[in-house]
Amino acid sequence: MASIDSPAIRRATTVAEVTAAEHLFDGPVRTGWAERFLTADGHHLFLAYDGESVVGFVSGVETVHPDKGTEMLLYELAVAEPYRRGGIGRALVRRLAALARERGCYGMWVLIDTGNDIALATYRSAGGKDDGSCTVVTWDFT
């Protein structure tokens, strides 16, 4: 396991920065989609660095409802294999949570796959709690 005492975490503002993190995403970065994400109000992407190398990211999307206000959806978290279990995921989640507070969100939430104990441990270590009350219903439009 690689170790970083204090990872540099910076907000992604360019497609080039997002592309540099492509190895952490589920698929290839699409320029148009990356531009749309980066320019959409309420969309956030933070990158963790070891020197000049991107070793992790967290993305979040603010959701607003007329009777609830604004909350942050932690959309995705990824840390490169050699850097896992070294606190980078926790640092990224905490950075997104700090931004959510700064932007006036009343809370933050994330969905994780059943049995993903590593992710659950990361989120708990960053101050989150599993309320045990969620079932996910999905629609696939592809």
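Residues numbered from 1 in each chain as written. Predicted model: local features only at pLDDT ≥ 70, side-chain atom pairs only at ≥ 80, totals over all residues. Heavy atoms only, no water.

To describe two helices that pack against each other, one gives the angle between their axes and the distance between the axes. Between helix 3 (residues 88-102) and helix 4 (residues 117-125), the least distance of the axes is 8 Å, while the angle of their chain directions is 55°. By the criterion of interaxial angle, the relationship of helix 3 to helix 4 is oblique. When the axes of helix 3 and helix 4 are compared, the crossing they make is right-handed. Here Gly89, Arg90, Val93 and Arg94 of helix 3 lie close against helix 4, whose contacting residues are Thr122, Tyr123 and Ser125. (Axes fitted to C-alpha atoms, helices over the stretch in contact; angles between N-to-C directions. Helix = DSSP H or I, 4+ residues; strand = E, 2+ residues; numbered from the N terminus. Parallel < 35°, antiparallel > 145°, perpendicular 65-115°, else oblique. Left-handed = near helix turned anticlockwise from the far one by under 90°. Contact = heavy atoms within 4.5 Å.)

So, on to the packing of aromatic side chains. Taken as a whole and assessed by the stated rule, the structure comprises one aromatic pair. A cation over a ring is seen here: arginine 10 above tyrosine 49, with NZ or CZ 3.8 Å from the ring centre. Geometry around phenylalanine 46 places arginine 11 over its ring, the cationic atom sitting 5.9 Å from the centre. (Phe/Tyr/Trp six-rings, centres within 6.5 Å; stacked < 30°, edge-to-face > 60°. Lys NZ or Arg CZ within 6 Å of the ring centre and 35° of its normal.)

This part is about the pairing of strand 4 (residues 69-79). Where a strand is regular, its side chains alternate between the two sheet faces. Note that strand 3 (residues 53-65) and strand 4 share ten bridges and pair antiparallel. Bridging across to strand 4, phenylalanine 57 finds its partner in alanine 78. In the sheet, strand 4 pairs with strand 5 (residues 108-109) via two bridges, with the strands oriented parallel. By the bridge assignment, leucine 73 is partnered in strand 5 with tryptophan 109. What joins strand 4 to strand 5 is helix 3, and the crossover it makes is right-handed. (Pairing = 2+ DSSP bridges. Right-handed = clockwise from strand over helix to strand, strands pointing away.)

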